[in-house]
Amino acid sequence: MPKILFIQPSQYSVSDQKPIKQNRIYLPGLSFPLLAAITPDNWTVQIKIEIIEEVDFDTDADLVGIGAMGVAIFRAIDLAKKFKEKGKTVIMGGYMPSITPWFVQDHCDSIIIGDAEISYLKLLKDFESTGKVQKTYNNPIKDLKNLPIPEYKLLLDKKIGFMLPVQAGRGCPKLCSFCSIACLYKGKYLTRPVDEVLRDIRQIKNLGFKYFYLIDDNIAGNQIYLEELCKKIKPLKMKWGSQCSIELANNPDLLKLVAKSGCRILSLGIESLSQEGLNDMKKKWVKSEQHEVILKKITKAGILPATEMIVGIKGDTPDSIRETFKLIMRTKVPIPKFYIMTPFPGTKLFEEYKQKGKLVHEDYSKYTTAFCIHYPEKFSPEELETIYWWMYKKVYTPFNILRRTILRREFLKNPLIYLYALAVNFHYRKFIKKGDAPNIC
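Being a predicted model, the structure only gives us computed values, none of them experimental.

Caption draft 1: Representation of the state of the cysteines within the structure. A full pass over the atoms with the stated rule returns zero disulfides. Cys108 forms no disulfide, and the closest cysteine sulfur to it belongs to Cys183, at a distance of 19 Å.

Next up, the structure:
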């Protein structure tokens, strides 16, 4: 019986160049359990999540499939090289290989670009028939109907948290110039039949979980769909989290419904206090002067906001970054994350910066969002890095962590989710102390 080993690689720590490890992963990915569910019955499937597990280089697997997000691509390449040395057939996929196939093509036998459902089955058929695979497979899917229930059982023996992933849609209708999702889906937002999403959520509930997270890129990409979905989630009495655009806050009825359906945490890309920079990144629909109001609306609805912000964009100054710190503390954002503007290869922003000579270098190992790899308008690269780490360290002092998580009125209404935020904060603090950008846990 042939076997495939799927590996979700860790990323290297800046401090010691070793793969980052942690005791538990609270947000395991969905790609591999979903691919396992469509794998023909004559195959055996194994999944390894490197951040919590060791990779067995002496595996008896016939195929090794390696996914890669962000700078984890460097660890993915090193893993691929080792397995190739051992004579294994290596496949790579995920959003980084998909938007930069030229970067990994010499280190693997095949690359699955974008959606994997069709390509993966074609690849397995080729391997079974000839023992070989094509160099690339690129077969976008037209809809998300009839996806099977993911093989969640392959995650249950691992050190995971209290949530399992569900997908309602893929892509995003927005075309932000820095975004890899915009590169892959080009403004498309595909949604699954609501009843099939509910089927997966019920499966998670039957497995004994009370929480799930929608792993979508933007659950508010289709607000009519989100309304229908939340109405059907509500009777299940489950709690959940996801990520979405801040436009949700401008629809009070839908925001209320999302909260009543059990949503307790949302990751929101508010990006910057610089409207000039937001406009430049093709994100004009985000209005910086509304950030505080929007954060208050989300919090008042009973949802914990986790924010994503970029520093060093057009219009940013040392004062605007200090104001960013003040905004985070004034609004008590429970889980804030910051990124130095990094035009990733494969994005429109990268091509723009390269053409204008704004890149400091093309050493992609430094494209971690914790290094300044472009020339900002109002800083030197070194000055931007200094103020970036100043803000991160200041936001994540023990006292400021407590102020933003449990020393607040909302804690009494939702103590468990704010205790989770507290744990995430101290987890992020460990990364920051080592000079690493905090990693999704």
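Right, picking up where we left off after that structure.
Caption draft 2: Up close: the sheet that holds strand β10 (residues 211-214). One open sheet holds the six strands; their spatial order is β7-β10-β11-β12-β13-β14, and the pairing between them is parallel. The sheet terminates laterally at β7 (163-166) and β14 (335-340), the two strands that pair on one side only. The sheet shows a mean angle of 20° between the axes of neighbouring strands, taken without regard to direction. As paired strands, β7 and β10 are joined by four bridges and run parallel to one another. Directly across from Val166, in β10, lies its bridge partner Leu214.

Caption draft 3: Structural view of the pattern of salt bridges. Applying the stated rule across the entire model yields 22 salt bridges. In this structure, Glu292 and Lys296 form a salt bridge, with 3.8 Å as the shortest nitrogen-oxygen distance. Of this pair, Glu292 and Lys296 both sit in helix α12 (residues 291-300), four residues apart, which is roughly one turn of the helix. Assessed through its relative accessible area of 23%, Glu292 is described here as partly exposed. By relative accessible area, which is 53% here, Lys296 ends up exposed. For the salt bridge of Lys356 with Glu352, the shortest nitrogen-to-oxygen distance reads 3.4 Å. For Lys356, a relative accessible area of 57% translates into the label exposed.

Caption draft 4: Spotlight on the packing of aromatic side chains. All told, the structure shown has 22 aromatic pairs when counted by the stated rule. A centroid spacing of 5.1 Å and a plane angle of 40° characterise the contact between Phe57 and Phe83, whose relative ring orientation is tilted. Pair noted here: Phe57 is in the loop between β2 (44-49) and β3 (63-67) and Phe83 is in helix α2 (residues 72-85), with a separation of 26 residues, a long-range link. Among the aromatic residues, ring-to-ring pairing joins Phe74, Trp102, Phe103, Phe350, Tyr364 and Tyr367 into one connected group. Across the ring face of Trp285, the terminal group of Lys174 is positioned such that the distance to the ring centre comes to 4.3 Å.

Rules used throughout
- Residues numbered from 1 in each chain as written.
- Predicted model: local features only at pLDDT ≥ 70, side-chain atom pairs only at ≥ 80, totals over all residues.
- Heavy atoms only, no water.
- Disulfide = S-S within 2.5 Å.
- Pairing = 2+ DSSP bridges.
- Helix = DSSP H or I, 4+ residues; strand = E, 2+ residues; numbered from the N terminus.
- Axes fitted to C-alpha atoms, helices over the stretch in contact; angles between N-to-C directions.
- Salt bridge = Lys/Arg side-chain N within 4 Å of Asp/Glu carboxyl O.
- Buried < 20%, exposed > 50% of the residue type's maximum accessible area, 1.4 Å probe, protein only.
- Phe/Tyr/Trp six-rings, centres within 6.5 Å; stacked < 30°, edge-to-face > 60°.
- Lys NZ or Arg CZ within 6 Å of the ring centre and 35° of its normal.

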